[in-house]
Amino acid sequence: MSATSRPKVSEREAREVAEAAREQDWRKPSFAKELFLGRFRLDLIHPHPLPADEDAQRGEEFLAKLRDFCETKIDSARIERESQIPDETINGLKELGAFGMKIDTKYGGLGLTQVYYNKSLALVGSASPAIGALLSAHQSIGVPQPLKIFGTQEQKDTFLPRCARTDISAFLLTEPDVGSDPARLATTAVPDGDDTYVLDGVKLWTTNGVVADLLVVMARVPKSEGHKGGITAFVVEAADEGITVENRNAFMGLRGIENGVTRFHQVRVPAANRIGPEGAGLKIALTTLNTGRLSLPAMCVGAGKWCLKIAREWSAEREQWGRQVAFHEAVGAKISFIAATSFALEAVLDLSSQMADEDRNDIRIEAALAKLYGSEMGCLMADELVQIRGGRGFETAESLAARGERAVPAEQVLRDLRINRIFEGSTEIMHLLIAREAVDAHLSVAGDLIAPEKSLTDKAKAGAKAGGFYAKWLPKLVAGPGQLPRTYAEFHPSGHPDLSTHLRYVERSARKLARSTFYAMSRWQGRMETKQGFLGRIVDIGAELFAMSASCVRAELLRTTEPHGREAYQLADAFCRQSRIRVDELFDRLWTNTDDIDRKVVKGVIGGTYTWLEQGVVDPSGDGPWIADATPGPSKRENVHRPIR
């Protein structure tokens, strides 16, 4: 669609669309939401929830089969070399049931819990991140998940058995000129009678789209008589007339991923394939992502465990200046970081996943924090491994093997993990999404008070409402159990490191975080939403506090159930000490930062003030527009769609 015909949307309208898609109510408790409000609700996560014995047995049995498949049937070097997952590997995964891990057994799936689904993704992702992406896109955000939550019984009966065993699905939201701002969505679904919609538009970065049999497509239904209109979700047959996969995209990592550009031209979709009512598409997408986002930290956990294994083996083998490099402090600190962070990421993932399975808590913030924290820390761990390996870390596995050394794909893992900071909500968007949820309680009582467009009467009413809330809330932020030396004493068993001191730190920091947020809202009021640097640091503090809490709770669980409880306490202690340093720095940076000068520099850069600084280089970029033309119409490209059978 050309720039002139694309929907014109103001900043306010874009925010209103995003706000309307949010889940407005909090019907269940949320540990992370309470944390941002200064209330450390340890009772919501401790004792650590556990899967039912039957679920655990079924999950462990599948993990054993999947491990054997990963070790004997997946050639990760071939996938990297050929930039494609072999058809026989995909068909083998279908036969194993891996495409139906999250689908109920009554539809032919395996019916695994979220815990074991994520353990499976961590395992298969360690063998091949491209396969992890294939399975995750199919089940976490593809057809199965939205149908599970929002689909009719007829839709479930029709599509879920196919997704469980034979068909691959994809999720299509992004467009060439639309990323995290769905208000500008240009793909249309125009009603044609009572039983059909006609789709037109172009979708970009369609993971699995090249090989998919079924698509979840987000399209805008025009408002008309009898039609509410709005962004709406549809299940679409990928082989339908008028659908063309115009390009298979290539990336710096995940070279086996089947990601493309898909064009729709006059594609007729039955109204029976609409998921939910018209206008509910974004709400469906966001609700699907509440647990769907957990697939990315699952694969980061797998990568972290692999990084630890390689760091241990290499650093014990390699000697410099008379001793193993692991015992040189500069290298040892990196190994400690990888070990402690791997433990913490698994703690965050397992806790969030088990809470999702139990469905007693609202985990929308926990899942978003897990995605944000996992993707950021996963990249850091992989980068540290490359540094530990030195020149061999920068060298490809194929080159290492060619000259007779172990083919360790450290640089590939770093490249493969990098996309996780962008996939399913970039780090920057996750900061804003989580921040919005974190300040929801404040906006619900004081939103009209700080909204510039509200009348004086509305502001007066909001002021009275806010006064009552803050009169009760603020005094509770002054003191708490984190100031009492014996609080959380059960986390200091004899002969183990003292984790109770870290939980007291979390409790104190949660209150400090809430006070900081309140002060910022009082200071900036309606401009608070523009302070993205501040909001990002608030969220990062919350992520660290959540990870510390999860690590301590997991360590206590392992102390009572596993033979390596003491070692788990050691890792949790190391992680919390590392995390506390980061939290203290983030608190300092809330008020001491370069945000103001950064904004001035940006204005200068965009205004051309510093173009002299760009002199002395050449630009090797090719010609062409920054954003490809996405004007609706018939395709002029060859269809590279290749369903796998």
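Everything discussed here concerns the structure shown above.
Remember, it's a predicted structure, so these values are computed and weren't measured experimentally.

Quick look at the nonpolar core
Line of reasoning, step 1. Membership of the largest hydrophobic core comes to 127 residues, with the highest contact counts inside it found for L369, F491 and L545.
Line of reasoning, step 2. If one sorts the elements of this core by residue count, helix α21 (residues 532–561) sits on top with 15 residues.
Line of reasoning, step 3. Here L545 is in contact with L35, Y505, V506, S509, A510, L513 and V583, once residues within four sequence places are set aside.
Line of reasoning, step 4. Ranked by size, the runner-up nonpolar core spans 24 residues in total, among them C163, V216, A233 and A280.

Quick word on a nonpolar patch on the surface
Line of reasoning, step 1. A grouping of I597, V601, V602, V605 and I606 is seen on the molecular surface, where their side chains present a nonpolar patch of about 450 Å² in accessible area.
Line of reasoning, step 2. Take V602: it is sitting in helix α23 (residues 595–607).

Some details on helix α16 (residues 410–418)
Line of reasoning, step 1. Taking burial as the measure, the nine residues of α16 include seven buried ones, the bulk of the element.
Line of reasoning, step 2. In this structure, the buried side of α16 is in contact with α4 (76–82), α7 (129–141), α11 (295–317), α13 (364–389) and α14 (391–394).

Examining the pairing of strand β3 (residues 196–207)
Line of reasoning, step 1. Within β3, eleven of the twelve residues are buried, leaving the element largely enclosed by the surrounding structure.
Line of reasoning, step 2. Summarising the sheet, strand β2 (residues 188–191) and β3 pair through four bridges and their orientation is antiparallel. From the neighbouring strand, T188 faces β3, where its bridge partner is D200.
Line of reasoning, step 3. Between β2 and β3, which pair antiparallel and follow one another directly, the connecting turn spans four residues, one of which, G193, has a positive phi of 80 degrees.

Concerning the pattern of salt bridges
Line of reasoning, step 1. Going through the model one piece at a time under the given rule, you end up with 44 salt bridges.
Line of reasoning, step 2. Across the salt bridge formed by E384 and K334, the nearest N and O atoms sit 3.1 Å from each other. One end of the pair, E384, is in helix α13; the other, K334, is in helix α12 (residues 329–358), with 50 residues separating them in the sequence.
Line of reasoning, step 3. Close ionic contact of R415 with E411 constitutes a salt bridge, the shortest N to O distance being 2.8 Å. Of this pair, R415 and E411 both sit in helix α16, four residues apart, roughly one helical turn.
Line of reasoning, step 4. The exposure class of R415 is buried, given its relative accessible area of 14%.
Line of reasoning, step 5. A residue is classified by how much of its surface remains accessible, and E411, at 14% relative accessible area, is buried.
Line of reasoning, step 6. Each of K119, K305, E346, D350 and R554 takes part in one network of salt bridges that share partners.

Points about the pairing of strand β7 (residues 259–270)
Line of reasoning, step 1. Bridge count for β3 against β7 is nine bridges, and the pairing is antiparallel. Across the sheet, the residue bridging to T196 is P270, located in β7.
Line of reasoning, step 2. In terms of strand pairing, strand β6 (residues 243–248) meets β7 through five bridges, oriented antiparallel. Note on β7: the bridge partner recorded for V245 is T262.

Notes on unusual backbone geometry
Line of reasoning, step 1. Of note, the amide linkage connecting H46 to P47 takes the cis form, showing an omega dihedral of 0 degrees.
Line of reasoning, step 2. Within the secondary structure layout, P47 lies in the loop between α2 (31–36) and α3 (53–73).
Line of reasoning, step 3. One non-glycine residue with positive phi stands out, namely S83, at about 55 degrees.
Line of reasoning, step 4. With respect to the helices and strands, S83 occurs in the loop between α4 and α5 (87–96).
Line of reasoning, step 5. At Q266, a residue that is not glycine, the phi angle is positive and equals roughly 55 degrees.
Line of reasoning, step 6. Within the element layout of this structure, Q266 appears in strand β7.
Line of reasoning, step 7. The partly exposed category is assigned to Q266, whose relative accessible area is 47%.

Criteria and thresholds
Residues numbered from 1 in each chain as written. Predicted model: local features only at pLDDT ≥ 70, side-chain atom pairs only at ≥ 80, totals over all residues. Heavy atoms only, no water. Core = buried A, V, L, I, M, F, W, Y, C linked by side-chain atoms within 4.5 Å. Buried < 20%, exposed > 50% of the residue type's maximum accessible area, 1.4 Å probe, protein only. Helix = DSSP H or I, 4+ residues; strand = E, 2+ residues; numbered from the N terminus. Contact = heavy atoms within 4.5 Å. Patch = residues over 30% accessible without salt bridge, like charges linked within 9 Å, V, L, I, M, F, W, Y side chains within 5 Å. Areas by Shrake-Rupley, 256 points an atom, 1.4 Å probe, with all protein chains shown as cover. Salt bridge = Lys/Arg side-chain N within 4 Å of Asp/Glu carboxyl O. Pairing = 2+ DSSP bridges.

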